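Below, each chain spelled out in residue letters.
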Amino acid sequence: MTLPDLALQIVYGHVAWALVLVALLTACVPQVARRHWRAVAAGLVVLSALPGTWSPAWWLTLAFQYPSGLLVGLSLVALERRRQGSAPRMVLPLAMALPLALGGAALYLDTFGVLALGLYHGGFGAVGAPLLGIAAIAACAFAIWRGHALQPALALLAGLLLYALLRLPTGNLWDALLDPLLWMWALGSAVAAGVRQAAGARVPAVQPALPPLQPPQPAPLLAAEPVPAGAAGIEQLQTLRE
(Lines give C-alpha, C1' and ligand atoms only; values in the text may rest on other atoms or scores of the structure.)
Protein backbone atom coordinates (compact mmCIF):
# COMPACT_ATOMS: atom_id res chain seq x y z
CA MET A 1 0.00 0.00 0.00
CA THR A 2 1.44 3.37 -1.08
CA LEU A 3 -0.13 6.47 0.45
CA PRO A 4 0.38 10.05 -0.73
CA ASP A 5 2.24 12.56 1.36
CA LEU A 6 0.01 14.27 3.93
CA ALA A 7 1.05 17.78 2.87
CA LEU A 8 0.25 16.88 -0.75
CA GLN A 9 -3.17 15.60 0.32
CA ILE A 10 -3.93 18.85 2.13
CA VAL A 11 -2.94 20.94 -0.89
CA TYR A 12 -4.98 18.66 -3.13
CA GLY A 13 -8.02 19.07 -0.90
CA HIS A 14 -7.91 22.87 -1.09
CA VAL A 15 -7.32 23.00 -4.85
CA ALA A 16 -9.79 20.24 -5.70
CA TRP A 17 -12.63 21.66 -3.62
CA ALA A 18 -12.00 25.11 -5.11
CA LEU A 19 -12.43 23.69 -8.63
CA VAL A 20 -15.54 21.75 -7.64
CA LEU A 21 -17.12 24.80 -5.98
CA VAL A 22 -16.42 27.05 -8.96
CA ALA A 23 -17.88 24.49 -11.37
CA LEU A 24 -20.92 23.95 -9.15
CA LEU A 25 -21.63 27.65 -8.75
CA THR A 26 -21.25 28.42 -12.46
CA ALA A 27 -23.65 25.57 -13.26
CA CYS A 28 -26.30 26.45 -10.66
CA VAL A 29 -26.15 30.26 -10.98
CA PRO A 30 -25.32 30.88 -14.65
CA GLN A 31 -26.40 34.56 -14.54
CA VAL A 32 -23.83 35.47 -11.90
CA ALA A 33 -21.20 33.30 -13.51
CA ARG A 34 -21.75 34.87 -16.93
CA ARG A 35 -21.22 38.40 -15.64
CA HIS A 36 -18.60 37.93 -12.92
CA TRP A 37 -16.99 34.59 -13.78
CA ARG A 38 -13.40 35.55 -12.97
CA ALA A 39 -14.32 37.36 -9.75
CA VAL A 40 -16.39 34.42 -8.52
CA ALA A 41 -13.63 31.94 -9.35
CA ALA A 42 -10.97 34.07 -7.66
CA GLY A 43 -13.11 34.54 -4.55
CA LEU A 44 -13.79 30.81 -4.16
CA VAL A 45 -10.13 29.96 -4.70
CA VAL A 46 -9.11 32.44 -1.99
CA LEU A 47 -11.73 31.11 0.42
CA SER A 48 -10.69 27.53 -0.20
CA ALA A 49 -7.04 28.43 0.40
CA LEU A 50 -7.74 29.73 3.91
CA PRO A 51 -6.28 27.59 6.70
CA GLY A 52 -8.22 25.28 9.00
CA THR A 53 -11.84 25.89 9.77
CA TRP A 54 -11.77 29.22 7.92
CA SER A 55 -11.79 27.33 4.63
CA PRO A 56 -14.94 25.73 3.17
CA ALA A 57 -12.65 22.94 1.95
CA TRP A 58 -12.12 21.88 5.55
CA TRP A 59 -15.84 21.44 6.19
CA LEU A 60 -16.46 19.78 2.82
CA THR A 61 -13.69 17.29 3.50
CA LEU A 62 -15.36 16.41 6.81
CA ALA A 63 -18.69 15.86 5.05
CA PHE A 64 -17.63 14.28 1.75
CA GLN A 65 -13.94 13.35 2.20
CA TYR A 66 -11.56 14.38 -0.56
CA PRO A 67 -13.12 14.86 -3.99
CA SER A 68 -12.23 12.06 -6.36
CA GLY A 69 -9.93 12.69 -9.27
CA LEU A 70 -12.84 11.94 -11.60
CA LEU A 71 -14.97 14.65 -9.98
CA VAL A 72 -12.08 17.10 -10.35
CA GLY A 73 -11.76 16.12 -14.01
CA LEU A 74 -15.50 16.62 -14.58
CA SER A 75 -15.26 20.02 -12.91
CA LEU A 76 -12.43 21.02 -15.24
CA VAL A 77 -14.47 19.87 -18.25
CA ALA A 78 -17.47 21.91 -17.03
CA LEU A 79 -15.31 25.01 -16.56
CA GLU A 80 -13.86 24.59 -20.04
CA ARG A 81 -17.38 24.35 -21.48
CA ARG A 82 -18.30 27.52 -19.61
CA ARG A 83 -15.22 29.29 -20.97
CA GLN A 84 -16.24 28.33 -24.51
CA GLY A 85 -19.74 29.70 -23.92
CA SER A 86 -21.53 26.35 -23.68
CA ALA A 87 -23.88 25.49 -20.84
CA PRO A 88 -22.52 22.79 -18.50
CA ARG A 89 -24.38 19.48 -18.32
CA MET A 90 -26.47 19.05 -15.20
CA VAL A 91 -26.66 15.26 -15.54
CA LEU A 92 -23.99 12.70 -16.34
CA PRO A 93 -24.22 10.55 -19.47
CA LEU A 94 -26.00 7.30 -18.73
CA ALA A 95 -22.97 5.27 -19.87
CA MET A 96 -20.99 6.89 -17.03
CA ALA A 97 -23.73 7.42 -14.45
CA LEU A 98 -24.97 3.83 -14.33
CA PRO A 99 -21.58 2.13 -13.67
CA LEU A 100 -20.72 4.78 -11.06
CA ALA A 101 -24.07 4.36 -9.31
CA LEU A 102 -23.87 0.56 -9.26
CA GLY A 103 -20.19 0.51 -8.33
CA GLY A 104 -20.72 3.03 -5.56
CA ALA A 105 -23.63 1.02 -4.15
CA ALA A 106 -21.49 -2.12 -4.12
CA LEU A 107 -18.59 -0.30 -2.43
CA TYR A 108 -20.80 1.24 0.24
CA LEU A 109 -22.50 -2.07 0.97
CA ASP A 110 -19.08 -3.68 1.21
CA THR A 111 -17.85 -0.92 3.54
CA PHE A 112 -20.87 -1.37 5.83
CA GLY A 113 -20.25 -5.13 5.99
CA VAL A 114 -23.35 -6.13 4.02
CA LEU A 115 -21.35 -7.79 1.24
CA ALA A 116 -18.03 -8.30 3.10
CA LEU A 117 -16.06 -8.88 -0.10
CA GLY A 118 -13.14 -6.60 0.66
CA LEU A 119 -13.74 -4.50 -2.43
CA TYR A 120 -12.58 -1.22 -0.95
CA HIS A 121 -9.45 -2.77 0.56
CA GLY A 122 -8.64 -4.18 -2.88
CA GLY A 123 -8.25 -0.62 -4.14
CA PHE A 124 -5.00 -0.45 -2.12
CA GLY A 125 -3.62 -3.57 -3.82
CA ALA A 126 -0.06 -3.53 -5.06
CA VAL A 127 -0.79 -5.49 -8.23
CA GLY A 128 -4.48 -5.64 -9.11
CA ALA A 129 -5.33 -1.97 -8.60
CA PRO A 130 -2.36 -0.61 -10.63
CA LEU A 131 -3.05 -3.06 -13.46
CA LEU A 132 -6.71 -2.07 -13.52
CA GLY A 133 -5.70 1.59 -13.52
CA ILE A 134 -3.31 1.07 -16.44
CA ALA A 135 -6.00 -0.76 -18.41
CA ALA A 136 -8.47 2.07 -17.74
CA ILE A 137 -5.89 4.68 -18.81
CA ALA A 138 -5.30 2.79 -22.06
CA ALA A 139 -9.07 2.58 -22.67
CA CYS A 140 -9.45 6.32 -22.08
CA ALA A 141 -6.56 7.12 -24.41
CA PHE A 142 -8.10 4.93 -27.11
CA ALA A 143 -11.51 6.61 -26.70
CA ILE A 144 -9.91 10.06 -26.94
CA TRP A 145 -7.95 9.02 -30.04
CA ARG A 146 -11.13 7.74 -31.71
CA GLY A 147 -13.17 10.74 -30.55
CA HIS A 148 -15.72 8.65 -28.61
CA ALA A 149 -17.20 10.30 -25.46
CA LEU A 150 -14.37 12.81 -25.53
CA GLN A 151 -15.22 14.88 -22.45
CA PRO A 152 -16.03 11.97 -20.07
CA ALA A 153 -12.90 10.18 -21.27
CA LEU A 154 -10.76 13.26 -20.58
CA ALA A 155 -12.22 13.62 -17.09
CA LEU A 156 -11.65 9.95 -16.32
CA LEU A 157 -8.12 10.12 -17.67
CA ALA A 158 -7.35 13.10 -15.42
CA GLY A 159 -8.55 11.21 -12.34
CA LEU A 160 -6.59 8.09 -13.24
CA LEU A 161 -3.40 10.05 -13.88
CA LEU A 162 -3.70 11.73 -10.47
CA TYR A 163 -3.88 8.27 -8.94
CA ALA A 164 -1.12 6.76 -11.05
CA LEU A 165 1.40 9.60 -10.71
CA LEU A 166 0.68 11.12 -7.29
CA ARG A 167 -1.47 8.43 -5.60
CA LEU A 168 -4.11 11.08 -4.98
CA PRO A 169 -6.39 11.50 -3.25
CA THR A 170 -5.85 8.62 -0.77
CA GLY A 171 -3.78 6.00 -2.57
CA ASN A 172 -6.92 3.93 -3.22
CA LEU A 173 -8.04 3.38 -6.81
CA TRP A 174 -11.72 3.58 -5.89
CA ASP A 175 -11.23 6.96 -4.18
CA ALA A 176 -9.77 8.24 -7.45
CA LEU A 177 -12.93 7.20 -9.30
CA LEU A 178 -15.70 7.81 -6.79
CA ASP A 179 -16.65 9.91 -3.78
CA PRO A 180 -19.96 10.48 -1.96
CA LEU A 181 -20.81 13.66 -3.86
CA LEU A 182 -20.06 12.11 -7.26
CA TRP A 183 -22.00 8.98 -6.33
CA MET A 184 -25.09 11.04 -5.48
CA TRP A 185 -24.73 12.90 -8.79
CA ALA A 186 -24.40 9.64 -10.71
CA LEU A 187 -27.37 8.10 -8.89
CA GLY A 188 -29.55 11.12 -9.62
CA SER A 189 -28.48 11.13 -13.28
CA ALA A 190 -29.29 7.40 -13.64
CA VAL A 191 -32.71 7.86 -12.03
CA ALA A 192 -33.44 10.87 -14.25
CA ALA A 193 -32.49 8.86 -17.35
CA GLY A 194 -34.76 6.01 -16.25
CA VAL A 195 -37.69 8.38 -15.70
CA ARG A 196 -37.19 9.93 -19.15
CA GLN A 197 -37.12 6.52 -20.80
CA ALA A 198 -40.22 5.38 -18.91
CA ALA A 199 -42.07 8.56 -19.88
CA GLY A 200 -41.05 8.09 -23.50
CA ALA A 201 -42.28 4.50 -23.50
CA ARG A 202 -45.75 5.59 -22.35
CA VAL A 203 -46.16 8.01 -25.25
CA PRO A 204 -48.19 6.25 -28.00
CA ALA A 205 -46.54 5.81 -31.30
CA VAL A 206 -47.35 8.47 -33.85
CA GLN A 207 -49.68 7.13 -36.54
CA PRO A 208 -48.68 7.85 -40.11
CA ALA A 209 -50.61 10.76 -41.57
CA LEU A 210 -53.44 9.73 -43.84
CA PRO A 211 -53.82 11.46 -47.17
CA PRO A 212 -56.47 14.22 -47.10
CA LEU A 213 -59.92 13.19 -48.24
CA GLN A 214 -60.90 14.57 -51.59
CA PRO A 215 -64.36 16.18 -51.73
CA PRO A 216 -66.84 14.29 -53.95
CA GLN A 217 -66.85 15.60 -57.44
CA PRO A 218 -70.34 16.46 -58.87
CA ALA A 219 -71.51 14.34 -61.77
CA PRO A 220 -71.04 16.12 -65.10
CA LEU A 221 -74.25 17.56 -66.47
CA LEU A 222 -75.24 16.72 -69.99
CA ALA A 223 -74.90 19.71 -72.19
CA ALA A 224 -78.25 20.99 -73.38
CA GLU A 225 -78.78 20.83 -77.08
CA PRO A 226 -78.71 24.32 -78.51
CA VAL A 227 -82.02 25.68 -79.64
CA PRO A 228 -81.94 26.81 -83.23
CA ALA A 229 -83.01 30.35 -83.87
CA GLY A 230 -85.11 31.89 -86.61
CA ALA A 231 -87.86 30.44 -88.82
CA ALA A 232 -85.95 27.23 -89.43
CA GLY A 233 -85.76 26.76 -85.71
CA ILE A 234 -89.50 27.20 -85.25
CA GLU A 235 -90.24 24.65 -87.96
CA GLN A 236 -87.84 22.21 -86.34
CA LEU A 237 -89.56 22.61 -82.97
CA GLN A 238 -92.97 22.01 -84.54
CA THR A 239 -91.66 18.89 -86.23
CA LEU A 240 -90.33 17.63 -82.87
CA ARG A 241 -93.72 18.26 -81.21
CA GLU A 242 -95.54 16.30 -83.89
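Draft legend 1. Spatial organisation of the overall build of the protein. Broken down by element type, the protein carries 12 helices and zero strands. In the protein, the order of α-helices and β-strands from amino to carboxyl end is α-α-α-α-α-α-α-α-α-α-α-α. Within the protein, contacts between residues at least 6 apart in sequence are counted, and of these 73% link residues at least 24 apart. When the accessible area of the protein is evaluated, it comes to approximately 15,700 Å², of which 71% is carbon and sulfur surface.

Draft legend 2. Helix 6 (residues 94–111), seen in detail. Over its 18 residues, helix 6 runs 25 Å from end to end, which matches the ideal 26 Å to within 8%, given 1.5 Å per residue. All of the buried residues along helix 6 are Met-96, Ala-97, Leu-100, Ala-101, Gly-104, Leu-107 and Asp-110. Elements that come into contact with the buried residues of helix 6 comprise helix 5 (69–83), helix 7 (119–122), helix 9 (150–166), helix 10 (173–177) and helix 11 (180–202). Within two residues after helix 6, Gly-113 carries a phi angle of roughly 85 degrees, on the positive side.

Draft legend 3. Looking closely at the side chain of Arg-167. Looking at where Arg-167 falls in the secondary structure, it is placed in the loop between helix 9 and helix 10. Nearest to the buried, unbridged Arg-167 among oppositely charged side chains is Asp-175, at 10 Å.

Draft legend 4. Quick peek at the side chain of Thr-26. Counting through the fold element by element, Thr-26 comes out in helix 1 (residues 6–28). Within polar-contact distance, the side chain of Thr-26 engages the backbone oxygen of Val-22 at 2.9 Å.

Draft legend 5. Fine view of the nonpolar core. Among the nonpolar cores identified, the biggest contains 26 residues, and Leu-70, Leu-74, Leu-92, Met-96, Leu-100 and Leu-182 are the most heavily contacted of them. Contributions of two or more residues to this core are made by helix 1, helix 3 (37–49), helix 4 (56–64), helix 5, helix 6 and helix 11. In terms of residues, this core owes the most to one element, helix 5, which gives six residues. Each residue touching Leu-92, except ones within four places of it in the same chain, is listed here: Leu-74, Ala-97, Leu-100, Leu-182, Trp-185, Ala-186 and Ser-189. Ala-129, Cys-140, Tyr-163 and Leu-177 belong to the second largest nonpolar core, which has eight residues in total.

Analysis parameters
Residues numbered from 1 in each chain as written. Predicted model: local features only at pLDDT ≥ 70, side-chain atom pairs only at ≥ 80, totals over all residues. Heavy atoms only, no water. Helix = DSSP H or I, 4+ residues; strand = E, 2+ residues; numbered from the N terminus. Contact = heavy atoms within 4.5 Å. Areas by Shrake-Rupley, 256 points an atom, 1.4 Å probe, with all protein chains shown as cover. Expected span 1.5 Å × (residues − 1). Buried < 20%, exposed > 50% of the residue type's maximum accessible area, 1.4 Å probe, protein only. Lys, Arg positive; Asp, Glu negative; His and termini not counted. Salt bridge = Lys/Arg side-chain N within 4 Å of Asp/Glu carboxyl O. Polar contact = N/O pair within 3.5 Å; in protein donor to acceptor, adjacent residues only side chain to side chain. Core = buried A, V, L, I, M, F, W, Y, C linked by side-chain atoms within 4.5 Å.

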